[in-house]
Amino acid sequence: MSRRSHAGLAAVALASTAALVGCTSTAPTAGGAAGGAIPVNAADTTCEVGATEAPAGTLNFAIDNTGTKVTEFYLYGAGDRIMGEAENIGPGLTRQLIVEVPDGGAYTTACKPGMVGDGIRNPFTVTGSAARSVDDSTKLAEATAGYKRYTTSQIEALVPKTREFADAVKKGDVAAAKALFPISRTYWERIEPVAESFGDIDPKTDGREDDERDPGVAFTGYHRLEKDLWVSGLQPDSGAIADQLVADMKDLQTRVATVELTPVQLANGAKELLDEVATGKITGEEDRYSHTDLWDFKANVEGSQAAIAALRPVIDEKDPTLGPTLDQRFAAVDTLLEGYRSGDGFKLYTELTPDDIKKMTAAVDALGEPVSQVAGVVTS
Ligand SMILES: [Cu+2]
């Protein structure tokens, strides 16, 4: 997840007005040219979205990073619900984002140069309503049902394992809590795009210390406790932070039970997980106190693999060449990661060499390319 601020809706309204007035939102006509991709010119200080509205259904954005910083693009629903996101778009690169938006209404687009803050936001209207793609294909319906079972099973393991971690923190058993930290996070990191899509849970459970926050909003969740365990020592409120983390995971469990996943979300989620690896794990940014980034790395890749596996019958039907390429690239990443095993876990990030990082970056980029094609294939 980008280092987003928690400035909430107030900033949304502010940002979009600013974008309209100051930051070159050129207010073009509906949809992309002739129903094609909606062009987005994402620069360092501007975010020109080639349309202010589009009919409900499958939206297709072509995001062109014309700036000098890595950027990302979001389509938000009400309450900053993430409808779709494309992260880690390097300068000079173009990335396609396909998002299924069956319900008409008010949405918001955001470009985030440097992947920080609330981004440059513009209102975006979706008109009418459309059938969900899952409704007109048995294979797609089976894919989302299968992935929903996977997500549910991960959360059924996440809640008790997080409880175990929290109990160790509350008992002051630092050694046990340190051992449980990366293990309990594995279930979270496997399904992170689904968890993130709610908008308000991820910042509380997986936010970093240097994230922008509203005044009075504390640094909580896994990484606060990671800092307590590995750096500052357990604090008087560590127990309360641990209990809150468990409560947030239970909240996630309740919300996921009613969520309807779409095939495009599975495909985008598989890519988002690899972007997570590229921006958070390969850089050592995510688990900066414990250096257990490779546990998260493995979990992100497993989660991506699960989403792709759920969609595989549809992929094989629509593009029989893509499946074998995906298998080969996933296998290459798995084999590479196995080389960094240590005991039941992995080497710490601090034990990796620049050459290790280079190999990991190349393998994840090589996997990211065919995975980024899946959204287009399953909606074709
Ligand atoms: Cu994370």
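Residues numbered from 1 in each chain as written. Predicted model: local features only at pLDDT ≥ 70, side-chain atom pairs only at ≥ 80, totals over all residues. Heavy atoms only, no water.

Caption draft 1: Structural view of the overall build of the protein chain. Per the secondary structure count, the protein chain includes twelve helices and eleven strands. Burial statistics for the protein chain: of 380 residues in total, 54% are counted as buried. In the protein chain, once contacts between residues fewer than 6 apart in sequence are set aside, the share between residues at least 24 apart is 68%. Summing over all exposed atoms, the protein chain offers an accessible surface of approximately 14,700 Å²; the carbon and sulfur share of this is 56%. (Helix = DSSP H or I, 4+ residues; strand = E, 2+ residues; numbered from the N terminus. Buried < 20%, exposed > 50% of the residue type's maximum accessible area, 1.4 Å probe, protein only. Contact = heavy atoms within 4.5 Å. Areas by Shrake-Rupley, 256 points an atom, 1.4 Å probe, with all protein chains shown as cover.)

Caption draft 2: Representation of the coordination of the copper ion. Only Glu189 (OE), Glu192 (OE), Asp206 (OD) and Glu286 (OE) from the protein coordinate the copper ion, and they sit 2.0 to 2.6 Å from it. For the copper ion, the four donor atoms in the first shell make angles of 67 to 154° at the metal, so the coordination geometry reads as irregular. Counting the intervening residues between successive donors of the copper ion yields the motif E-x2-E-x13-D-x79-E. On the criterion of sequence distance, the pair formed by aspartate 206 in helix α5 (residues 201-206) and glutamate 286 in the loop between α8 (263-281) and α9 (293-318) is long-range, its members being 80 residues apart. A single burial state applies to aspartate 206 and to glutamate 286, both of which are buried. (Donors = N, O, S within 2.8 Å, 3.2 Å for Na, K, Ca; no water. Tetrahedral: all angles 85-135°; square planar, octahedral: opposite > 155°, others 65-115°.)

Caption draft 3: Spatial organisation of the sheet that holds strand β1 (residues 38-42). Spatially, the four strands line up as an open sheet ordered β2-β1-β4-β7, and their pairing is mixed. The sheet is open, and its two borders are formed by β2 (47-49) and β7 (94-101), each paired with just one other strand. Across the sheet, the mean angle from the axis of one strand to that of its neighbour is 20°, orientation sign disregarded. As judged from the eight bridges shared by strand β4 (residues 57-65) and β7, these two strands associate in the antiparallel manner. Looking across to β7, one finds that asparagine 60 is bridged to isoleucine 98. (Pairing = 2+ DSSP bridges. Axes fitted to C-alpha atoms, helices over the stretch in contact; angles between N-to-C directions.)

Caption draft 4: Broad picture of the nonpolar core. Of all hydrophobic cores here, the largest spans 72 residues; its most connected members are Tyr147, Phe165, Leu252, Phe297 and Val374. Residues Val40, Ala51, Ala56 and Leu75 belong to the second largest nonpolar core, which totals 23 residues. (Core = buried A, V, L, I, M, F, W, Y, C linked by side-chain atoms within 4.5 Å.)

Caption draft 5: Representation of the pattern of salt bridges. Under the definition given, this model contains 34 salt bridges. Among the salt bridges present, the one from lysine 281 reaches glutamate 189, with a minimum N-O distance of 2.9 Å. Placement of lysine 281 in helix α8 and of glutamate 189 in helix α3 (residues 174-190) is noted, with a sequence separation of 92 residues between them. No difference in accessibility class separates lysine 281 from glutamate 189, as the two residues are buried. For glutamate 285, the salt bridge is made with arginine 208, and the minimal N-O distance between the two is 3.1 Å. Of this pair, glutamate 285 sits in the loop between α8 and α9 while arginine 208 sits in the loop between α5 and α6 (222-232), and the two are 77 residues apart along the sequence. Judged by its relative accessible area of 2%, arginine 208 is buried. Connected through shared salt-bridge partners, Arg185, Glu189, Asp206, Arg208, Asp210, Glu276, Lys281, Glu285, Glu286, Asp287, Arg288 and Asp296 make up one network. (Salt bridge = Lys/Arg side-chain N within 4 Å of Asp/Glu carboxyl O.)

Caption draft 6: Examining the pairing of β1 more closely. Here β1 shows a clear split, with Ile38, Val40 and Ala42 buried on one side and none of Pro39 and Asn41 buried on the other. Relative to β4, β1 runs parallel, the two sharing five bridges. Residue pairing across strands places proline 39 opposite alanine 62, the latter belonging to β4. Bridge count for β1 against β2 is three bridges, and the pairing is antiparallel. Along β2, the bridge assignment pairs asparagine 41 with glutamate 48. The loop that links β1 with its antiparallel partner β2 comprises four residues.

Caption draft 7: Summary view of the state of the cysteines. All chains considered together, the criterion is met by one disulfide. Residue pairing for cysteine 47: its cysteine sulfur links by disulfide to cysteine 111, the two sulfurs lying 2.0 Å apart. Looking along the S-S bond of the cysteine 47-cysteine 111 disulfide, the torsion reads about 60°, which is the right-handed sense. Of this pair, cysteine 47 sits in strand β2 while cysteine 111 sits in strand β8 (residues 103-111), and the two are 64 residues apart along the sequence. With relative accessibility at 0%, the residue cysteine 111 sits in the buried group. (Disulfide = S-S within 2.5 Å.)

Caption draft 8: Spatial organisation of the packing of aromatic side chains. If you walk through the whole model with that rule in mind, you get nine aromatic pairs. Look at tryptophan 295 and phenylalanine 346: their rings are 5.8 Å apart centre to centre, the planes differ by 80°, and that puts the pair in the edge-to-face class. With a gap of 51 residues between them, tryptophan 295 in helix α9 and phenylalanine 346 in strand β11 (residues 345-346) connect regions that are remote in the sequence. Here tryptophan 295 and phenylalanine 346 have matching classes, each one buried. Here the aromatic residues Phe165, Phe181, Tyr222 and Trp230 are joined through ring pairs into a cluster of three or more. (Phe/Tyr/Trp six-rings, centres within 6.5 Å; stacked < 30°, edge-to-face > 60°.)

Caption draft 9: Local environment of the confidence of the model for the protein chain. The predicted model of the protein chain averages 89 in pLDDT, with 89% of residues at 70 or higher. Across residues 1-30 the pLDDT falls below 50, and counting only partners more than four positions away or on other chains, this stretch makes 74 contacts in the model. (pLDDT = per-residue confidence, 0-100.)

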